[in-house]
Amino acid sequence: MSGVSYMVAVFALCHAGFGALSVAMQRHYADMHGRGREAPPALRRRLQAAGASALALALAAAVHKGGAGHGILTWLGAMTTAALALMMLLTYAPQRVARLARAAGVIGMIAFLLGGLV
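In this text, all values refer to a predicted model and were calculated from it rather than measured experimentally.

1. Some thoughts on the packing of helix α1 (residues 3–24) against helix α2 (residues 26–33)
α2 packs onto α1 with a crossing angle of 90° between their chain directions and a minimal axis gap of 5 Å. With respect to each other, α1 and α2 are oriented roughly perpendicular. Along the contact surface, α1 presents Ser22, Val23 and Ala24, while α2 presents Gln26, His28, Tyr29 and Met32. In the contact of α1 with α2, the residues fall into four nonpolar, three polar and no charged.

Next comes the structure, spelled out in structure tokens:
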């Protein structure tokens, strides 16, 4: 697998995971859908599970490609970069977070599958 598809998969899955976790938070959900709106508890649980799963899948991809030491370091770097990108997005365009998190999840899964990580 090439280094590009591996890094795309790890970064996109981290971004999708953090995006799902941020949408699950009441504050960010209200920023996206209007003040006073709250996410239903079932939706919040699904988003939290999806976010944790995406982050775990990103870790698995990083460790599979780079080994334990380098993979974990790569995963931490991708999480940091994804969190910074999401923080800027939440600050300046909170309505786009959910849409871009879904797109990142799709891109991450495609890169994961095409990159030979399965």
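Structure shown, so let's carry the discussion forward.
2. Quick notes on the UniProt feature "transmembrane region" (unreviewed entry) in the chain
As annotated by UniProt and renumbered to match this structure, "transmembrane region" (unreviewed entry) occupies residues 6–26, 72–93 and 100–117. Between the end C-alpha atoms of residues 6–26 the distance is 33 Å, and the span holds 95% helix and 0% strand. Annotated as residues 72–93, this span is 95% helix and 0% strand, and its ends, taken at the C-alpha atoms, are 30 Å apart.

How each quantity is defined
- Within any chain, residue numbers begin from 1 and follow the written order of that chain's sequence.
- Given that this is a predicted model, residues contribute local features only at a pLDDT of at least 70 and side-chain atom pairs are listed and counted only at 80 or more, while totals for whole chains, interfaces and linings are drawn from all residues.
- Derived side-chain values reflect all non-hydrogen atoms in the structure, with water molecules and hydrogen atoms excluded from consideration.
- An axis is simply a line fitted to the C-alpha atoms; with a helix, the fit covers only the stretch in contact. Between two such axes, the angle follows the N-to-C directions and lies from 0 to 180 degrees.
- For helices the rule is a DSSP run of H or I covering at least 4 residues; for strands it is a run of E covering at least 2, with both sets numbered from the N terminus onward.
- Note on angle classes: values under 35 degrees are labelled roughly parallel, values over 145 roughly antiparallel, values of 65 to 115 roughly perpendicular, and the remainder oblique.
- The criterion used for residue contact is that any of the two residues' heavy atoms lie within 4.5 Å.
- Under the convention adopted here, Pro, Cys and the residues Ala, Val, Leu, Ile, Met, Phe, Trp and Tyr are nonpolar, Asp, Glu, Lys and Arg are charged, and Gly plus all remaining residues are polar.
- UniProt positions are given in the numbering used here, feature names are shortened, and annotations may be inferred rather than shown by experiment.

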